[in-house]
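Structural description and commentary
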Amino acid sequence: MDVKMMPIKEIIPYARNPRKNAAAIKKVVSSIKEFGFQQPLVLDKDNVIIVGHTRLKAAERLKLTEVPVVIADKLTPQQAKAYRIADNRTHDESEFDYEMLVLELEELQDQNYDLELTAFDKKELLNLLFE
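Structure report, in brief. (Residues numbered from 1 in each chain as written. Predicted model: local features only at pLDDT ≥ 70, side-chain atom pairs only at ≥ 80, totals over all residues. Heavy atoms only, no water.)

1. Things to note about helix α3 (residues 77–93)
With 17 residues, α3 extends 25 Å from end C-alpha to end C-alpha; this agrees with the ideal 24 Å at 1.5 Å per step. Among the residues of α3, those classed as buried are Ala80, Arg84 and Asn88. Each element contacted by the buried residues of α3 is listed here: β3 (49–51) and α2 (53–61). (Helix = DSSP H or I, 4+ residues; strand = E, 2+ residues; numbered from the N terminus. Expected span 1.5 Å × (residues − 1). Buried < 20%, exposed > 50% of the residue type's maximum accessible area, 1.4 Å probe, protein only. Contact = heavy atoms within 4.5 Å.)

Right, here's the structure in full:
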């Protein structure tokens, strides 16, 4: 896998992206601020986003001028379309082991780490830690 930096202005959002991601952008902004850009966008050979629309929007809000990308130039147009859908859909299939999640959150809390950087809001954290 060849990860390279690309100017944001050269990246083209997929016009028919089926995932609505506006609600997640703020949390991704926080994640990039805290952890850096740890996951590249995946683009097709024409620089159209296959995976990473939310990360691009977050990068724009952060006024970044370039982001890491991978060009998936060996995928057919059909594979790119299917991968775009599958990447978004597979997130819906996973779930938390809440017992393990609480252990992880409690350990971070004991170390005075800002738990909202885990992408859970205050209400969710209260429910997880104090129920």
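Next, the rest of the story.
2. Observations regarding a negative patch on the surface
A cluster of like negative charges, contributed by Glu104, Glu106, Glu107 and Asp110, occupies part of the molecular surface. Turning to its location among the elements, aspartate 110 is positioned in helix α4 (residues 98–110). (Patch = residues over 30% accessible without salt bridge, like charges linked within 9 Å, V, L, I, M, F, W, Y side chains within 5 Å. Areas by Shrake-Rupley, 256 points an atom, 1.4 Å probe, with all protein chains shown as cover. Salt bridge = Lys/Arg side-chain N within 4 Å of Asp/Glu carboxyl O. Lys, Arg positive; Asp, Glu negative; His and termini not counted. Charge placed at Lys NZ, Arg CZ, Asp CG, Glu CD.)

3. A closer look at the sheet that holds strand β2 (residues 41–43)
Spatially, β1-β4-β2-β3 is the arrangement adopted by the four strands of the open sheet, whose pairing is mixed. With partners counted over all chains shown, the strands left at the sheet margins are β1 (3–7) and β3, one partner each. Strand-to-strand twist of the sheet, defined as the mean angle between neighbouring strand axes without regard to direction, takes the value 50°. With five bridges joining them, β1 and strand β4 (residues 66–71) adopt antiparallel strand pairing. Its bridge partner lying in β4, lysine 4 is registered against valine 69. Sheet strands in contact with α2 are β2, β3 and β4, and its direction is about 115° off that of β3. (Pairing = 2+ DSSP bridges. Axes fitted to C-alpha atoms, helices over the stretch in contact; angles between N-to-C directions.)

4. Structural notes on the packing of aromatic side chains
Where two aromatic rings form a pair, the distance of their centres and the angle of their planes describe that pair. Under the counting rule described, the total for this entry stands at two aromatic pairs. Ring centres of phenylalanine 96 and tyrosine 98 lie 6.0 Å apart, and the angle between their planes is 50°; this geometry places the pair in the tilted category. Relative to phenylalanine 120, the ring of phenylalanine 96 lies with its centre 5.6 Å away and its plane at 50°, an arrangement referred to as tilted. A residue pair is termed long-range when its members are at least 10 positions apart, and phenylalanine 96 in the loop between α3 and α4 and phenylalanine 120 in the loop between α4 and α5 (122–129) qualify at 24 residues. Grouping aromatic residues by their ring pairs yields a cluster made of Phe96, Tyr98 and Phe120. Across from the ring centre of tyrosine 14, 3.5 Å away, lies the NZ or CZ of arginine 84, which sits over that ring. (Phe/Tyr/Trp six-rings, centres within 6.5 Å; stacked < 30°, edge-to-face > 60°. Lys NZ or Arg CZ within 6 Å of the ring centre and 35° of its normal.)

5. Structural notes on the pairing of β4
Where β2 lies against β4, three bridges are found, and the strand directions are parallel. From the neighbouring strand, valine 42 faces β4, where its bridge partner is valine 70.

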